[in-house]
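Each chain is listed here by its residues.
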Amino acid sequence: MTNTPKTDKSQKLNRYRIFTIIQVGNLSDIPSRAYDFTLIGAILINIFIAIFDTFPQAEPYRFALWALEGITVLFFLGDYLLRIWTADYYYANIKGLTPARARRKFIFSWEGVIDLMSCLPFFISAGGAALRMFRIVRIIRVFRIHHYADPLRVIGDVLRKKRGQLLSSIFIVFTLMIAASLLMYNLEHKAQPDAFANAFSGFWWAANTLLTVGYGDVVPVTLAGKICGMVLTFLGVGMVAIPTGILSAGFVEQAELLRSKPASTPYHYCPHCGKPLPSMASATSELEASSQEENDSL
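Only a predicted model underlies this, so the values are computations on that prediction, with no experimental measurement involved. (Residues numbered from 1 in each chain as written. Predicted model: local features only at pLDDT ≥ 70, side-chain atom pairs only at ≥ 80, totals over all residues. Heavy atoms only, no water.)

Visitor: Help me understand the overall build of the protein chain, please; the structure alone is not making it clear to me.
Guide: Counting secondary structure elements, the protein chain contains 12 helices and 2 strands. Counting from the amino terminus, helix and strand elements in the protein chain follow one another as α-α-α-α-α-α-α-α-α-α-α-β-β-α. Across the protein chain, every contact between residues at least 6 apart in sequence was considered, and the portion connecting residues at least 24 apart equals 62%. Looking at the protein chain as shown, the accessible area adds up to about 18100 Å², and 69% of this sits on carbon and sulfur atoms. (Helix = DSSP H or I, 4+ residues; strand = E, 2+ residues; numbered from the N terminus. Contact = heavy atoms within 4.5 Å. Areas by Shrake-Rupley, 256 points an atom, 1.4 Å probe, with all protein chains shown as cover.)

If you want it as structure tokens, here you go:
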């Protein structure tokens, strides 16, 4: 009975240490940095296997590729389970969140879904030839790099902050595409009924024109259609520039925000959300204090 507080304290310290290892480590934390490079290496290996598997030269190495992929998937699965186990430290800034609720929150979070989906295709595709189509989903493993890529997190922050303006600009573009498709259908249907058979054919042309792709498989041949096409091309350039300007302004604002943060703080910041986490020293002292209180009560 008297050893229970020490055992609990040791388990909490070990679990917190595992949490610091599987998160993005600083330069002074050698085990954490080694874990980071190992996981990144496993992701790159899976990308190579996914690409090389499409070449006929990969046939003699099929079993070796399968075994190598299996080893990395087991590593991904272990990483996923460890992140669930230490989820209460990941959400330490949320008050009143029990370990069970924190784990459930991580499982259904974007990070948790990505980590789970990076493991499932290997086991699903092993069920038979009819399920091999699911192997294409394994490319989702590349998204596990989000744990370590700061630029990806910056992009995500900008998209979240500017989502209202981006949705408004997309709505404007979509409305203009519908109007352009109906207009071009009415102008070109009689001249080329095969190319503009219905409004959807005009919508395909409007998407290529307004988004400045211009495949050239469907083009106007009448004078009115050509004039309308030129006007819509100019409008398309402006429509594409709207979300580009919104994103550019968002990146500038995010850069200013990051630059204004203090260089040194008494906290380690979470690599996912930027919220402060208690340092290892403070966590250790808190656990020791709680253990002392339990010993005194006994």
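Visitor: What am I meant to see in the nonpolar core here?
Guide: Most often, soluble globular proteins have nonpolar side chains that are buried together. Of all hydrophobic cores here, the largest spans 13 residues; its most connected members are Met177, Met184, Phe196, Trp205 and Leu232. Secondary structure elements with two or more residues in this core: α9 (163–188), α10 (199–210) and α11 (223–260). Setting aside residues up to four positions removed in sequence, Trp205 forms contacts with Met184, Phe196, Val218, Val219, Pro220, Gly229 and Leu232. Membership of the second largest hydrophobic core comes to 11 residues, among which are Phe19, Tyr89, Leu97 and Phe106. (Core = buried A, V, L, I, M, F, W, Y, C linked by side-chain atoms within 4.5 Å. Buried < 20%, exposed > 50% of the residue type's maximum accessible area, 1.4 Å probe, protein only.)

Visitor: Could you clarify how one ought to interpret helix α3 (residues 62–85) in this entry?
Guide: Each turn of an α-helix holds 3.6 residues, which means side chains three or four residues apart point in the same direction. Here α3 spans 34 Å end to end across 24 residues, near enough to the 34 Å set by a 1.5 Å rise per residue. When α3 is considered as a whole, its buried residues turn out to be Leu65, Glu69, Gly70, Thr72, Val73, Phe76, Asp79, Tyr80, Arg83 and Ile84. (Expected span 1.5 Å × (residues − 1).)

Visitor: Can you walk me through the pattern of salt bridges in this structure?
Guide: Between side chains of opposite charge, a pair can form when the charged atoms approach closely. Taken as a whole and assessed by the stated rule, the structure comprises 7 salt bridges. A salt bridge links Asp79 to Arg83; the shortest N-O distance between them is 2.8 Å. Residue Asp79 and its partner Arg83 are both found in helix α3; the two are separated by 4 residues, about one turn of the helix. Side by side, Asp79 and Arg83 carry an identical accessibility label, which is buried. Note that Arg160 is salt-bridged to Asp157, the shortest N-O span being 2.3 Å. Placement of both Arg160 and Asp157 in helix α8 (residues 150–161) is noted, with a separation of 3 residues, approximately one turn of the helix. By relative accessible area, Arg160 is classed as partly exposed at 48%. What you see here is one network of salt bridges that share partners, running through Asp53, Glu59 and Arg62. (Salt bridge = Lys/Arg side-chain N within 4 Å of Asp/Glu carboxyl O.)

Visitor: I'm lost on the environment of Phe52 in this one. Help?
Guide: Within the fold, Phe52 resides in helix α2 (residues 30–52). Measuring from C-alpha to C-alpha, the distance between Phe52 and Leu65 comes to 9.2 Å, with 13 residues separating the pair along the chain. Excluding its chain neighbours within four sequence positions, the residues that come into contact with Phe52 are Gln57, Ala58, Tyr61 and Leu65.

Visitor: Would you mind showing me how to read the packing of α3 against helix α5 (residues 99–107) here?
Guide: For any two helices packed against each other, one specifies the crossing angle of their axes together with the interaxial distance. At a minimum axis separation of 8 Å, α3 and α5 run at an interaxial angle of 140 degrees. The pairing of α3 with α5 is recorded here as oblique in orientation. Mapping the contact onto sequence places Tyr80, Arg83, Ile84 and Trp85 in α3 and Arg103, Phe106 and Ile107 in α5. Among the residues forming the contact of α3 with α5, the class breakdown is 5 nonpolar, no polar and 2 charged. (Axes fitted to C-alpha atoms, helices over the stretch in contact; angles between N-to-C directions. Parallel < 35°, antiparallel > 145°, perpendicular 65-115°, else oblique. Nonpolar A, V, L, I, M, F, W, Y, C, P; charged D, E, K, R; others polar.)

Honestly, it's all geometry; don't read function into it.
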